[in-house]
Structure formats: structure tokens, C-alpha cells
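What follows is the residue order along each chain.
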Amino acid sequence: MRRRRALRRMSQLELATLAGTTQRHLSFIESGRSTPGRAMVVRLAESLGLTLRERNSLLLSAGYAPLYAESARDAESIGPAMEALRSILTGHLPYPAVVAGPRGELVLANAAFDVLTEGAAAHLLAPPVNVLRLALHPEGMGPRVVNLAAWGRHITESLRTRASAHPDPELEALAEELDGYLATAALRPEPAPSGSGRADGSGPADSSGPAEHLGFAVPLRLRTSAGELRLLTTLTSFSTAVDVTLAELHLEAFLPADAASAELLRRREEARAGAGPRH
């Protein structure tokens, strides 16, 4: 308890106030002089902002059964939620969107995801696919990301922030791995601008010219065979989930940052629909 509180830079008084108890009682709990009831453990976990998985772990360490279920992703109990995610992915077309687990493991994706996997090595696309590794790997999206340093830093800093608040050795190891890809890419010569012109035909992209941000967000600048895409991302999660599996999923939706990118993605979707099975 003391370690988790220290990670969040909370005083005993702050945590005790949030959890509806006294600083003295919390001090006794942390020192092992008092055994908290199950309800108190839950209140403390909520006040610390712990994930559902961490709350279950805290309950177990206090001698209580876990409170939150952890369903398989194909379980009937979370079927409606998974179906809702599939509907959102389909409705987001012609723009790419994915559902990923807590360490970047791909769970679901829509058809437009292929614009992100274009040219990626087969081993990166073999299950289980990790979308974070795919994004920065030198055999994945990495060589096609014009602003790789800024975009990659956005990804790794986000991972480290999560690992700091919710310690996870696997997450920390992944961040180290991704940092290694960025360091290697920084030493590599700039690739030839094959297919890297803007989607509106306005000429080749120049990573040293335009600003690496739009004033409010860092865009993903991605070279494709049809031209450069500029994409923004949004993250959505089940903030009120009471199932560990659902709580750990997040939906990442990519949105065009300019009209040219929107048009390129629209044309790709039209071509895909036109190439579909005919009856």
C-alpha cells in the first residue's frame, strides 16, 4: 500500500481523506498493525486510481477474493461489448482503427488497417501482432513514418508514463525495445522518397520543413504507395468497465489531419469495395 501511494506522490492524509478514513488508521494499515476490511481495501484501491487488475491483486494480498471478473475475449459475458467494438470499427471506415490490449497486442482491426501494415515483414503480422512494435519496427511502419522521432517519442513516453503509474516489467521491456528501434533509425540515412509525395500531388514530403505538430497534436506522417498520409489518433476505453479484460482494451481510431489524407483513404476504400466478391 505504501509503495503504491508513493508512486502517486500522495500523502497519508490525502489518501485517507479520499478513502473516507483517518490518517492514523491508514498508518496502521501500512505498518501492518491493522487489518483492513474488504470494503476499505476497495475504497483505498479506488482512491489510488488502481486498474481493476491491480485492485484484484491488492484484495488478494489482503486475504480477500478478487472482486472483478477477468473474462476470455470470446466469452459470452462480454460478447455485447465486443460486438459494439466491431460495429465502431466498421463505422469508422474508410479510416483505420484498431482495438488493442494493454501491451499493444492486436485484438480487432477494420479493413483500413492494411494502410498501416503496407510492406511490413510477415513476422510482424503473424499472431500475436503487437501494434506498438509494428509502428516503430524497422521492418514495419518505421521506415515509412516521416516524423519517426516525434511520433516514436510520443509512443514511448506514453508507455513509460503508464509503466510509472502502473508498474509492469513487460511494459517497461517493450518501451526499451521501441527506444532501441528509434536509436537505430536515428543513425540510418534518410530513405529515398518512394511514394512519399503528398496525396494531393503537391510534391514530396520533407520531414525537415513543415512543423511536426498541428498546434494541438502530433500527427502521424506516413508514406504509402499512393502518397503521404497525415493522421491524428484518438483513444477510447471502457471507463466504467467492471471486467478486467474490457477495462484493459482500448480503441485507437485514426483520423485524417487534412483533406488530402481523407481523399486518399476514401479512394482506397472505394477500390477495396470495388475489388470485393461479385455475385
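These numbers come from a predicted model, not from an experiment.

**With respect to the overall build of the protein chain**
- Secondary structure assignment for the protein chain yields 13 helices and five strands.
- Counting over 279 residues, the protein chain shows a buried share of 43%.
- Sequence-distant contacts in the protein chain: of pairs separated by 6 or more residues, those separated by 24 or more amount to 57%.
- Summed over its atoms, the accessible surface of the protein chain is roughly 14500 Å², and 56% of this surface lies on carbon and sulfur atoms.

**Quick look at the packing of helix H2 (residues 12-19) against helix H4 (residues 38-47)**
- Running from amino to carboxyl end, H2 crosses H4 at an angle of 115°, the nearest separation of the two axes being 9 Å. Between H2 and H4 the crossing geometry is right-handed. Contacts between H2 and H4 involve Leu15, Leu18 and Ala19 from the first element and Arg43, Leu44 and Ser47 from the second.

**A few points about the layout of surface pockets**
- Estimates place the volume of the largest pocket at around 1200 Å³.
- Taken together, 42 residues line the largest pocket, and the ones lying closest to its centre are Pro102, Arg103, Arg162, Leu171 and His250.
- Listing elements by their share of the lining of the largest pocket, those giving two or more residues are helix H1 (2-7), helix H5 (52-61), strand E1 (97-100), helix H9 (131-136), helix H10 (148-165), strand E4 (227-237), helix H12 (244-247) and strand E5 (250-256).
- In terms of residue count, H10 provides more of the lining of the largest pocket than any other element does, six residues in total.
- A class-by-class count of the residues in the lining of the largest pocket yields 22 nonpolar, 10 polar and 10 charged.

**A word on helix H3 (residues 23-31)**
- Every buried residue of H3 is accounted for by Leu26, Ile29 and Glu30. Taken end-on, H3 shows its buried residues confined to a sector of 95°, consistent with a single buried face.
- In the core, the buried residues of H3 are packed alongside H1, H2 and H4.
- Among the residues trailing H3, Gly32 stands out with phi positive, at a value near 85°.

**Structural notes on the pattern of salt bridges**
- Evaluated as defined, the whole model comprises 21 salt bridges.
- With a shortest N-O distance of 4.0 Å, Arg4 and Glu54 are connected by a salt bridge. Of this pair, Arg4 sits in helix H1 while Glu54 sits in helix H5, and the two are 50 residues apart along the sequence. Across this residue pair, the class does not change: Arg4 and Glu54 are buried.

Parameters at a glance
Residues numbered from 1 in each chain as written. Predicted model: local features only at pLDDT ≥ 70, side-chain atom pairs only at ≥ 80, totals over all residues. Heavy atoms only, no water. Helix = DSSP H or I, 4+ residues; strand = E, 2+ residues; numbered from the N terminus. Buried < 20%, exposed > 50% of the residue type's maximum accessible area, 1.4 Å probe, protein only. Contact = heavy atoms within 4.5 Å. Areas by Shrake-Rupley, 256 points an atom, 1.4 Å probe, with all protein chains shown as cover. Axes fitted to C-alpha atoms, helices over the stretch in contact; angles between N-to-C directions. Left-handed = near helix turned anticlockwise from the far one by under 90°. 1 Å grid on protein atoms, 1.4 Å probe; cavity = no way out; pocket = protein on both sides within 12 Å on 5 of 7 lines; lining within 4 Å. Points joined across faces, edges and corners; volume = space filled by probe spheres on them. Nonpolar A, V, L, I, M, F, W, Y, C, P; charged D, E, K, R; others polar. Arc of directions from axis to C-beta. Salt bridge = Lys/Arg side-chain N within 4 Å of Asp/Glu carboxyl O.

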